[in-house]
Structure formats: structure tokens, C-alpha cells
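Here are the chains, one letter per residue:
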Amino acid sequence: MDQFKGQPRLPKFAVPKRYDIRLKPDLVACRFAGSVTVNVDIVAATSFIVLNAAELSVSSDAVSFTNRDSSKVFKPSRVELFEDDDILVLEFTEKLPIGLGVLAIQFEGILNDQMKGFYRSTYEHNGEKKNMAVTQFEPADARRCFPCWDEPACKATFKITLDVPQELVALSNMPITEEKIDGNLKTVSYQESPIMSTYLVAVVVGLFDYVEDHTSDGVKVRVYCQVGKANQGKFALDVAVRTLELYKDYFATPYPLPKLDMIAIPDFAAGAMENYGLVTYRETALLYDDQHSAAANKQRVATVVAHELAHQWFGNLVTMEWWTDLWLNEGFATWVSYLAADSLFPEWKIWSQFLHESTEGLRLDGLAESHPIEVEINHAREIDEIFDAISYRKGASVIRMLQSYLGAECFQRSLASYIKRHAYSNAKTADLWAALEEGSGEPVNKLMTSWTKQKGYPVVSVKVNDQKLEFNQSQFLSSGAQGEGHWIVPITLCFGSYDVHKNFLLQTKSETRDVKELLGSLIAEDRSVNSWIKLNVNQAGFYRVKYDDLLAAKLRHAVEKQLLSASDRFGILDDSFALCMAGQESLTSLINLMGAYREEVEYTVLSNLITISHKIDRIAADAVPGLVDYFKQFFINLFQYSAERLGWDAKPGESHLDAMLRGEILTALAVFGHDLTLDEANKRFQAFLEDRNTPLLPPDIRKATYVAEKTRILGSLSSSPDPNLILEVLNFMLSSEVRSQDAVFGLAVSQEGRDVAWSWLKAKEVEEFFASHPMPSIARTLKQSLERVNINANWVQSVKNENGLGDAVKELAYRKY
């Protein structure tokens, strides 16, 4: 049996075709009993069957294999569960006949509290605490609920039966075919599923209300939530119905199941999970309450629902062959969720907000400890680690870059043919490139391999030299170190206006182009003239740009005069910030650029400006403590124009984006110590304490006054400058009062609280813990965190040594506009 240990994949001599699963959860004792019969095709001579199982008890007398042709029953001579590999090995005394047979196994397990496998989540009903039973199988935890071939390529059909207390709602992937009540229990049977992977199987048992609607072609859509919260499901229901219609057209394939249920789970590790026909969500990602939810929550619900429903095609109907191609699922669903949200809510300008996704991808991929989009997975324990900003955000960004390069229509047509070709099957990255290459005639495979097979991305430097444009690419690393990478870069550029638009592929390390030939006219030496050049138009490419002094000055002027799109204003700022962190640009130069954004009005740009200001504030506190007050005054100057434009109270008919921006701007001014903002926040907070329904404190501005919905209140508490309060908050995070999924929100402590948090963390003996508990699923994340600490330390050092910074920040702090 030892030959099966330590293998990345299951042996291929048995292929599952159909599962018949019966489960009986006990919600009081938190255990479950079950049985599974699997139609298996034995395709090679073997006396073993090897499948996945974890944390299940299986006795040898509860296992049998029956050959279909001879009806002969084979009992295993040995049944062994190898815990390190999550495999169940069944050894038989004779070889199993080639052909179809039925494997039957009975088993028992625990409804765990780890938010994976078959687990329990707690909720209150009429003041009483109760358990519900929930599944979360992605990536590799179906094996914790029933023995199975728990790999994405081992697709089969599933017939599920549940024995549950008769007053409870019991849901699975497919519609119910029959319910039989026997005393206090009922047996619920479901239609057999289409061919699908094990990680998409789902079961939920508990007390729920629901709201319901139908698509135009008759698919029943429901949103389930805790009793009494049904109204909060209406927004997500509307988004789901409209999104299913949209995707049916976009993918040129109808939604494959007769129903779609979406359900809010109180304890949920991820944001949501795309189980076929039964999508599970964290409550904050599905429920929206007009009275008590902020505008940002509404947007989150829409994009998360659109993301999960995209998976019903891209992931569920066509599934990655192995976890190496996880990015195909997640990157694509992230990208297409923005496409859907933009179609449903054009006023949100969601594509400019997509830049937050790109920036997160660029930030992680600028580390030496990053990984390629396509990453080899050699053991199930490594899979969790790649559910990160590379798979989701870089994945989505390179898809956007490719769509922008090929054109939207050609891209959509090729995608539809890819889905048709691989429906009910599995695919690899190369299959997607082949379909896009076929549809476009472009060398997609060659172009995209440079982006998915190697980690990192380039910074493209551009300078003017004697009316020639010199382009150079090199790998960008946040540490400022030299990298080895080389890419095929789709260069786009505009000259003085968006009407003069050029593009070409930069395939070599450097290239020189004649300005007049490329752009049609010469570049003026005068900095204020309208002859700016912007590369990576609208930030469609996954790369950074570094301009020479002349081009940078022209762009700063163009930003100030609002001559550029919001996406380009965002990109110039973000690239400059990244180059400053990497020591390739001075902080003086960055803050002078930031000064050009004083009259900025767009949410996405200002939101990034706020984030960057907070980061600079932290670096300055360590590097130049004597200048911190000047930095704070500069940031206050920077945001006052917007704060005065927006005010504290929502205006009739104002945009969704202004509603989101108000809270962020006022919070920033409060953090930077703006007296008028602090006074007004305090006044409103007192009014709220006296009357919880006061119109003075709507959800969008609550964080600015340290009161908010649950996740916000935790973040606000830890933003307090009082060390004793911070210590109390940190201990509170680990108490039973806070669901484990929410504890992370309390770790974003204020500058004043950092020392307290650090000693608290050391008191928890963090380093010894990681040394004595190696966890493959976070090994890379740990290295990335340490690398970030070093990058920040180097940045602090370079700011300390910078000449002229003091004069620059003082001038900006007291500049009269």
C-alpha cells in the first residue's frame, strides 16, 4: 500500500461515473452518518481501489465492490486511511475484473467547526442558539464528507438523499424530487446532477426564509437567508436573475440547471462558493439592507453574485483539469463579474474600479516571493495557497489586457466556442489560448505564455532623446532589485489627446521609435504644452511605466488640468507610488505629483490617493518623525476640496460613487486629525448614542465616526490611539464573541497602537508557532509578509537619506490655492 503515499494525484486505474450519496446529519451531537455507492469503471488490472477520504471512519466490513457483469461481490482484505495524504486504500485478495462495477462504503464523520468539509454554523432563532449543517468542498474537502475521487478532472453525476429533522429546510445542487416524512425525520431526495466535479457538490440543512423569482426561460432563482432577513435578499435576487440572462447571451449557452439557489451562511471562510445550483455566501456578500448598509456593500453584493454566477459556466460547466489552472476559474470569473456589473449598473463606472483589482495583483506580483499564474501543485495541501491575488487579480488583469488587444467582439466569439467545445468536460490554459488564437488569428499562445508561465511583470521606461522615443522593459520588483523576466508587452499610447492612439508589441528588451513617424508630430520641450504622452492607455495592460523628467512633468500638468481619463490619472499615481517604494523615484517627486490631484473628483482615483497617503504617513512616522505633522497637513489640504464638495449629508439624486467616497474622505480627514471633521464626527456620534435612528449618521459615514456595521466597528475600534483599548480589542478578537471569519478585521491597528499589537503578537509566540507548526498552505504567504517588512524597512532608510523632502512637504502643507 505504501506505493500510493506521497503522490500528487490519485492512480488512474478506476474511474468514477456516478455517485449515490445518503447523509444523515445530527445537528445536536454534531456528527453525521452516511453511505455512498459509486459506479466505477475499472480500466486497468488492479487489486487496489484508491480514493480520497479524510477525518471519516470507515470499517472494513462496511465496504464492498460488485462487478456489474458477474454480480460477484469482492470484500477488501485491508482498508487503510492514510491521514497525511487524505487517501483511503482498499486492498482486495484478487484482481478486480476490468469493466463497470459498484463500490459501496458506509462511513461516519464529525460536523466540524473549521468551515470546511461538512461543518456546522451557528445561528439564533427566537433567542435560542442552533446549528445548521453546511458544506464547503473547494478545493479538496469533499473527502471530509464522503469517500470520493476528489480531483476536478474526475467528473461524475451525483444523486443525493438527506435524512434530516422534518422542520428544517434541506437544500442540494438539484431540485427536490421527493420528501417522505417519518415521525420527526424526513427523507429528502434530489434529481441526479449533470456531470460535475466533487468540489461543486453542496448540502445545506437549517431554518431559512427565502425570496424567489424566475428568469425569462423559466429557471427558478431563490435567495435563502436566516428567518426574518428575507427582504435583505431582494437586491441579490434581482442581480442574479439579470446576470443569468446576460451570461446566457454572452457565453451563447443557457444556464445548465433547472434552478439556482443562493444562500447566506453566518460562518463562512471565503466570500462565497460557486457550488453548482446552490451558491453559498458569507452574509455580507449576499444580503443588502437599504436602511443600514453602505453603498460599498451594495456594490460588493453585485460583484460577488456576478462572480459566482460566472463560475456556473466558467468552472462548473467547463472545469480546470487540475489546480495548476485555478486561475482560469478565478481570474476569468473576476474579470467577467466586472463586465456584468458594468452592464447592470453603468453609473458605477465599475471598470475604473477594476483598477483596485489590478493594483492588488501588481502589489503581490512585485515580490520576489510571488508565483506564476500557472503554478505546479504537487499536493492537495498546497492548493489553498494559490487562492490569492495572482490567481484572481493578476489572472483577471491579463484577461482584460488580452481582450483589449484582441477586441471585445472577437474575444466574446472565441470564448463562446471554447465553452461549447469543453462543456461537461475539463480544460487547460492552452485550450483557452487555442480557441482565442483560432478566433483571432493572433499569436495568443506565444503572447500569453510570457504572462502566465513566469512570475512578475515589467516596468516599461520611456524617454525622449532627440525626437526619438526610447522604450525599455525590465522586471519590476518592489524591493528595487534587478529581475530576470522578459515579456511580450502590448504597448498602447496616446499623444496630447485620446484621438492620437497608437499600439505595438514590445517583444525585445528595448526599442527606439521615431516620434514624428510614430505620432505624426514632434514633442515640444515646453512642459505646459499639450504634448503629453501616456503609455498603457486606460491601464489595460498589466505593467508599470516610468517616464523621464520631461514626460513626467507634462503628465503632472495634464493631471492638474483634468486632460486625462480617470483610469489614466489612477495609473500615473499608482506607478509613481510603486516606483517610489522601490527606490526608483524620490518621495519628493511623488508628493509633488500628489499635489496635482487636489481637485480630483473621481471615486477610484481619490480612493487610491487616500490609500497612498496612509502608507506614506506610516513610512514618514518611522523615517522623518519631525515632518509627520506637515505630511498630515498636506493630506488634509489634498482632501478638503472633496470634503467640501460632498459635505456630510447625502444630496438628493447623488451618484453611488459619491456616496462611497464621502465615507472614505471623511474617515481620512479624521485619521489625519482635521479638527473640523473630528468635531462634526463627535457631534453626530453623540446624536447617534441618543437616537439610533438619527438621520445624522447614515451607514456611509459611520466609519468616520467610529460606529458601523459589525466588520466596520471592529476595524474602527482597533483604529483608536488608546493602547489599553487596542489590547482589549485584540483579546476580544480571539474570544467566542467574534466569529473566526471576522477576527482579521480587528488587526488593522492605528500607528499609535502598533507597538502594543506587536508585543501582544509576540506574547502569542508567533515565530515559535510557525517554526513548530509548518503549514504548507501558508508557507508562501509567510515569506511574502517577511519580504514586505524588509521592503518597508529599506523604504524608510531611503526616505531618511532624501535631500529636500522637508522643504517640499512644508511648502505643500501651507500652499495657498
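Below is a summary of the structure that appears in this document. It should be emphasised that the depicted structure is a prediction, and the values quoted were computed from it without experimental measurement.

### What to know about helix α4 (residues 350–365)
Okay, so step 1: Along its 16 residues, α4 runs 23 Å from first to last C-alpha, staying within 8% of the 22 Å computed at 1.5 Å per residue.
Okay, so step 2: Within α4, 12 of the 16 residues are buried, leaving the element largely enclosed by the surrounding structure.
Okay, so step 3: Within the sequence span of α4, burial applies to Ile350, Ser352, Gln353, Phe354, Leu355, Glu357, Ser358, Thr359, Gly361, Leu362, Leu364 and Asp365.

### Regarding helix α8 (residues 444–452)
Working note: α-helix, 3.6 residues per turn, so residues spaced by three or four point in the same direction.
Okay, so step 1: Among all positions of α8, only Val444, Leu447, Met448, Ser450, Trp451 and Thr452 are buried.
Okay, so step 2: Along its buried surface, α8 packs onto α3 (326–344), α5 (389–406), α7 (429–440), β24 (458–465), β26 (489–495) and β27 (501–506).

### A word on unusual backbone geometry
Okay, so step 1: In the segment running from Glu138 into Pro139, the intervening peptide bond is cis, with an omega of 5°.
Okay, so step 2: Tracing the sequence through the fold places Pro139 in the loop between β11 (128–136) and β12 (157–165).
Okay, so step 3: Even without a glycine there, the phi angle at Gln467 is positive, about 55°.
Okay, so step 4: Here Gln467 lies in the loop between β24 and β25 (468–475).
Okay, so step 5: Residue classification places Gln467 among the partly exposed residues on the basis of a relative accessible area of 22%.

### Quick notes on the state of the cysteines
Okay, so step 1: For the structure shown, the criterion picks out zero disulfides.
Okay, so step 2: The cysteine Cys30 is free of any disulfide, with Cys145 supplying the nearest cysteine sulfur at 15 Å.
Okay, so step 3: According to the relative accessible area criterion, Cys30 is buried, its value standing at 12%.

### Structural notes on the environment of Ile181
Okay, so step 1: Along the chain, the position of Ile181 falls in strand β14 (residues 176–182).
Okay, so step 2: For Ile181, a relative accessible area of 57% puts it in the exposed group.
Okay, so step 3: If we skip the residues at most four places from it in the chain, Ile181 touches Gln166 and Lys186.

### Considering the packing of α5 against α8
Okay, so step 1: Interaxial distance between α5 and α8 falls to 11 Å at its minimum, and their mutual angle equals 150°. Taken together, the axes of α5 and α8 lie roughly antiparallel to each other. For the pair α5 and α8, the crossing hand works out as right-handed. Of the residues in α8, those in contact with Lys394, Val398, Met401, Leu402, Tyr405 and Leu406 of α5 are Val444, Leu447, Met448 and Trp451.
Okay, so step 2: By residue class, the composition of the contact of α5 with α8 is nine nonpolar, no polar and one charged.

### A look at the sheet that holds β27
Okay, so step 1: Across the sheet, three strands lie side by side as β27-β26-β29; this open sheet has antiparallel pairing. At either end of the open sheet lies a strand with only one pairing partner, and these are β27 and β29 (533–535). Taking each pair of neighbouring strands and ignoring which way they run, the sheet shows an average axis angle of 25°.
Okay, so step 2: Pairing analysis gives three bridges linking β26 to β29, with the strands arranged antiparallel. When the bridges of β29 are listed, Leu493 appears paired with Leu535.

### Quick word on the pattern of salt bridges
Okay, so step 1: Summed over all chains, the structure comprises 41 salt bridges.
Okay, so step 2: A salt bridge links Arg513 to Glu511; the nearest nitrogen and oxygen atoms lie 2.9 Å apart.
Okay, so step 3: By relative accessible area, which is 26% here, Arg513 ends up partly exposed.
Okay, so step 4: By sharing partners, the salt bridges in this structure join Asp649, Glu680, Lys683 and Arg684 into a single network.

### Points about the packing of helix α1 (residues 234–250) against helix α2 (residues 295–311)
Okay, so step 1: Contact geometry for α1 and α2: axes closest at 9 Å, N-to-C directions at 40°. In terms of orientation, α1 and α2 fall into the oblique class. With respect to the hand of their crossing, α1 and α2 are arranged in right-handed fashion. In contact with Phe235, Ala236, Val239, Ala240, Thr243, Leu244 and Tyr247 of α1, α2 contributes Lys298, Val301, Ala302, Val305, Ala306, Leu309 and Ala310.
Okay, so step 2: Residues belonging to the contact of α1 with α2 are distributed by class as follows: 12 nonpolar, one polar and one charged.

### Some thoughts on the packing of aromatic side chains
Okay, so step 1: The final tally for this structure, using the stated rule, is 40 aromatic pairs.
Okay, so step 2: Relative to Phe251, the ring of Tyr247 lies with its centre 5.5 Å away and its plane at 45°, an arrangement referred to as tilted.
Okay, so step 3: Given the relative accessible area of 0%, Tyr247 is considered buried.
Okay, so step 4: Its guanidinium or amino end placed over the ring of Phe345, Arg242 lies 5.5 Å from that ring's centre, counting from NZ or CZ.
Okay, so step 5: A cation over a ring is seen here: Arg513 above Phe504, with NZ or CZ 4.1 Å from the ring centre.

### A look at the pairing of strand β10 (residues 117–125)
Successive residues of a regular strand alternate their side chains across the two faces of the sheet.
Okay, so step 1: Relative to β11, β10 runs antiparallel, the two being bridged by nine bridges. Looking at β11, one finds that Glu124 is bridged to Lys129.

### Considerations on the sheet that holds strand β7 (residues 78–82)
Okay, so step 1: Read across the sheet, three strands follow the order β3-β8-β7 without closing on themselves; strand pairing throughout is antiparallel. For this open sheet the edge positions go to β3 (46–52) and β7, each flanked by a neighbour on one side alone. Across the sheet, the mean angle from the axis of one strand to that of its neighbour is 20°, orientation sign disregarded.
Okay, so step 2: Across six bridges, the pairing between β3 and strand β8 (residues 87–96) is antiparallel. Bridge pairing in β8 links Thr46 to Leu96.

### A closer look at the layout of surface pockets
Okay, so step 1: Its volume calculated, the second largest pocket comes out at about 350 Å³.
Okay, so step 2: Around the second largest pocket, the lining is made up of 19 residues, and of these Tyr547, Ala552, Ser576, Glu585 and Ser589 lie nearest the centre.
Okay, so step 3: Elements that contribute at least two residues to the lining of the second largest pocket include exactly β30 (544–547), α10 (549–560), α11 (566–581) and α12 (587–595).
Okay, so step 4: Per element, the largest residue contribution to the lining of the second largest pocket is five residues, and it comes from α10.
Okay, so step 5: Its residues assigned to classes, the lining of the second largest pocket shows eight nonpolar, four polar and seven charged.

### A short note on empty space enclosed by the protein
One simple way to see leftover space: roll a probe sized like a water molecule over the atoms.
Okay, so step 1: Here the structure, examined in full by the defined rule, presents four cavities of 30 Å³ or more.
Okay, so step 2: By volume, the largest cavity amounts to about 80 Å³.
Okay, so step 3: Considering the residues around the largest cavity, the lining is formed by Leu355, Ser358, Thr359, Leu362, Gln539, Gly541, Tyr543, Arg544, Phe570, Gly571, Asp574 and Asp575.
Okay, so step 4: Those elements that place two or more of their residues in the lining of the largest cavity are α4 and α11.
Okay, so step 5: Looking at the lining of the largest cavity residue by residue, the class counts come to four nonpolar, five polar and three charged.
Okay, so step 6: As a volume, the second largest cavity reaches approximately 40 Å³.
Okay, so step 7: Together, Thr215, Asp217, Val219, Leu244, Glu245, Lys248, Pro254 and Tyr255 line the second largest cavity.

Cut-offs and rules
Residues numbered from 1 in each chain as written. Predicted model: local features only at pLDDT ≥ 70, side-chain atom pairs only at ≥ 80, totals over all residues. Heavy atoms only, no water. Helix = DSSP H or I, 4+ residues; strand = E, 2+ residues; numbered from the N terminus. Expected span 1.5 Å × (residues − 1). Buried < 20%, exposed > 50% of the residue type's maximum accessible area, 1.4 Å probe, protein only. Contact = heavy atoms within 4.5 Å. Disulfide = S-S within 2.5 Å. Axes fitted to C-alpha atoms, helices over the stretch in contact; angles between N-to-C directions. Parallel < 35°, antiparallel > 145°, perpendicular 65-115°, else oblique. Left-handed = near helix turned anticlockwise from the far one by under 90°. Nonpolar A, V, L, I, M, F, W, Y, C, P; charged D, E, K, R; others polar. Pairing = 2+ DSSP bridges. Salt bridge = Lys/Arg side-chain N within 4 Å of Asp/Glu carboxyl O. Phe/Tyr/Trp six-rings, centres within 6.5 Å; stacked < 30°, edge-to-face > 60°. Lys NZ or Arg CZ within 6 Å of the ring centre and 35° of its normal. 1 Å grid on protein atoms, 1.4 Å probe; cavity = no way out; pocket = protein on both sides within 12 Å on 5 of 7 lines; lining within 4 Å. Points joined across faces, edges and corners; volume = space filled by probe spheres on them.

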